Amino acid sequence: MRIERNTMREAGVRAFTQYIRTSLLNNKPLDQMAREMLTATGRTFTDGPANYFRPTARIEDAVVQFSRVFMGVRMDCAQCHNHPYESWTQDDFYNLAMFFRQTRLRAGPDRDEVTVENLPQPEPLNIPRRAVRTPATPILPGTREQSRSNKNLREVLADWLTSPENEYFARAFANRLWARMMGRGVFEPLDDYRRTNPPSDLALMDALTNLLRDKRYDMRAFLREIVLTRAYSLSSDTNPSNEKDTQFFSRYYPRRVPAEVLADMIAQATKRPDRYNGYPEGTRAIELEEPNTFSRILDVFNRPRRRVVTCERDDSPSLEQALFLLNNGAIHNKITSREGIVIQLLNQGKTTDEVITELYLRTLCRPPTPAERAVIQRELGQSNHPAEVLQDALWALLNTKEFLYNH
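This one's a predicted model, so the numbers in the text were calculated from it and none came from an experiment.

Basis of the calculations
Residues numbered from 1 in each chain as written. Predicted model: local features only at pLDDT ≥ 70, side-chain atom pairs only at ≥ 80, totals over all residues. Heavy atoms only, no water. Phe/Tyr/Trp six-rings, centres within 6.5 Å; stacked < 30°, edge-to-face > 60°. Helix = DSSP H or I, 4+ residues; strand = E, 2+ residues; numbered from the N terminus. Buried < 20%, exposed > 50% of the residue type's maximum accessible area, 1.4 Å probe, protein only. Lys NZ or Arg CZ within 6 Å of the ring centre and 35° of its normal. Salt bridge = Lys/Arg side-chain N within 4 Å of Asp/Glu carboxyl O. Contact = heavy atoms within 4.5 Å. Pairing = 2+ DSSP bridges. Polar contact = N/O pair within 3.5 Å; in protein donor to acceptor, adjacent residues only side chain to side chain.

A. Molecular detail of the packing of aromatic side chains. Taken as a whole and assessed by the stated rule, the structure comprises 18 aromatic pairs. Their ring planes at 35° and their centres at 6.3 Å tell us that Phe70 and Phe169 sit as a pair that is tilted. Of this pair, Phe70 sits in helix H3 (residues 59-71) while Phe169 sits in helix H6 (residues 167-182), placing them 99 residues apart in sequence. Of the two residues, Phe70 and Phe169, both sit in the buried class. A ring pair is formed by Phe93 and Tyr94, whose centres lie 5.1 Å apart and whose planes are at 65°; its orientation type is edge-to-face. The side chain of Arg176 reaches across the aromatic face of Phe173, ending 5.9 Å from its centre.

And the structure:
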């Protein structure tokens with residue numbers, strides 16, 4: 001949705017973020033959220049869903065955003081020519097653009113605010129580089145059916161998108177949710193479904209699409225079914241038959257935790273919360289409303305900048321990330337702070353053995369093995385500064401793959 005202050009301004013970011021959070025907390029069906037955004041009108045500083053249109057000053061931008069977000073399809077190429085790898089034509093692109101022809105973004109009372117409003121019946125569009133125009137009555141995507149309704153064209157498009165027969169919307173969001181839980185989608189990238197980029201398992205994709213429809217786009221009910229599957233419960237350990245599998249879900253694929261989650265994990269493990277400019281103390285990274293809030297760790301671990309429609313999140317590891325965890329002064333201060341977890345536990349009278357167990361539980365969510373415990377106890381036996389040894393142990397745990405990855 002590209003929620004960031006350079007596009008939406010801080011008031012718009014706050015309004016849109018609050019709308020999305022409230023909707024998800026109330027478990028609002030995904031199709032209802034899509035409809036509310038697509039048909040939104042009003043002022044962007046007060047009407048959250050209206051901000052969906054804020055990054056779409058050009059009508060072509062509205063088509064690209066709609067197709068990628070809600071259909072899981074890239075129609076960008078068809079702006080200038082027929083899609084080289086798919087059946088989408090330039091006529092299809094500008095026909096779809098007609099559904100946004102009645103939408104206007106007008107400057108509001110505040111120069112930074114925008115009002116989204118509907119216009120009367122639209123005029124046809126000129127198709128670039130061709131001496132033709134779109135039909136005055138647009139045709140619904142992927143069909144031969146013209147829109148025969150007195151509704152605003154965005155409402156007609158929302159009706160088509162969220163209808164039970166429409167496979168684009170259900171397939172796109174079923175794939176996104178599966179990818180969030182399983183580490184990759186049934187087709188990748190998540191916004192590029194086409195005949196030349198088919199799902200790795202068509203039967204699985206069809207089953208997930210039908211399941212999301214059957215659950216009436218209830219995200220919690222859909223996710224519950226996923227976590228109860230055998231596929232989700234598989235170990236990430238490989239065997240000779242699946243060690244090279246990267247797309248058929250015969251094992252769990254380890255993946256690095258997102259940047260925001262990692263920052264919160266370190267803060268929770270060390271018991272030293274981060275401070276973010278403009279936010280109250282105790283705010284977690286996953287609660288930040290937009291990506292321009294300064295945070296070195298979030299930048300190093302590739303938080304999305306929200307500047308393009310394509311998913312910008314990159315979970316691949318890098319040398320910079322490894323060096324950051326090894327040498328960052330802020331993390332060192334969290335570990336060695338007198339208010340940090342190690343000093344707190346020792347001040348409570350905990351034995352070093354109890355502290356070791358607590359550090360493992362706080363970082364890896366399991367007790368240490370006898371061998372791991374023996375290594376730390378050996379170091380403790382050779383030092384007159386138990387706090388420093390235990391802090392070193394905590395530092396080592398924060399640098400393990402077991403801490404950094406879902407596995």
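B. Structural detail: the pattern of salt bridges. Applying the stated rule across the entire model yields 28 salt bridges. Asp191 is the salt-bridge partner of Arg74, the closest N and O atoms lying 2.9 Å from each other. With Arg74 in the loop between H3 and helix H4 (90-97) and Asp191 in the loop between H6 and helix H7 (202-214), the pair connects residues that are 117 residues apart, well separated along the chain. Note on Arg74: relative accessible area 23%, which makes it partly exposed. Accessibility expressed as a relative area gives 6% for Asp191, which makes it buried. One salt bridge in this structure joins Arg366 and Glu372, with 3.0 Å as the shortest N-O distance. With a relative accessible area of 23%, Glu372 lands in the partly exposed category. Overlapping salt bridges, with partners in common, bring together Arg68, Arg74, Asp76 and Asp191 in one network.

C. Examining the environment of Ala285 more closely. Relative to the elements of secondary structure, Ala285 occurs in the loop between helix H10 (259-270) and helix H11 (296-300). Taking C-alpha positions, Ala285 is 24 Å from Arg366, a pair spaced 81 residues apart along the chain. Beyond its immediate stretch of four places on either side in the chain, Ala285 contacts Glu260, Ala263, Asp264, Tyr276 and Leu298.

D. Structural detail: the pairing of strand S3 (residues 114-118). The buried fraction of S3 is high, at four of five residues. Relative to S3, strand S1 (residues 42-43) is paired through two bridges, and the arrangement is antiparallel. Of the residues in S3, the one forming a bridge with Gly42 is Val116. With five bridges connecting them, strand S2 (residues 103-107) and S3 associate as antiparallel partners. When the sheet's bridge partners are listed, Arg104 is paired in S3 with Glu117. From the end of S2 to the start of S3, which pair antiparallel, there are six residues.

E. Seen up close, the sheet that holds S3. In spatial order, the strands read S1-S3-S2; together these three strands make up an open sheet with antiparallel pairing. Every interior strand has two partners, whereas the edge strands, S1 and S2, have only one.

F. Structural view of helix H5 (residues 153-161). Judged by how many residues are buried, H5 sits mostly within the fold: seven of nine residues are covered. Those residues of H5 hidden inside the fold are in contact with helix H2 (30-38), H3, H4, S2, S3 and H6. Between the side-chain oxygen of the N-cap and the backbone nitrogen of Arg154 there are 2.8 Å, and the N-cap of H5 in question is Asn152.

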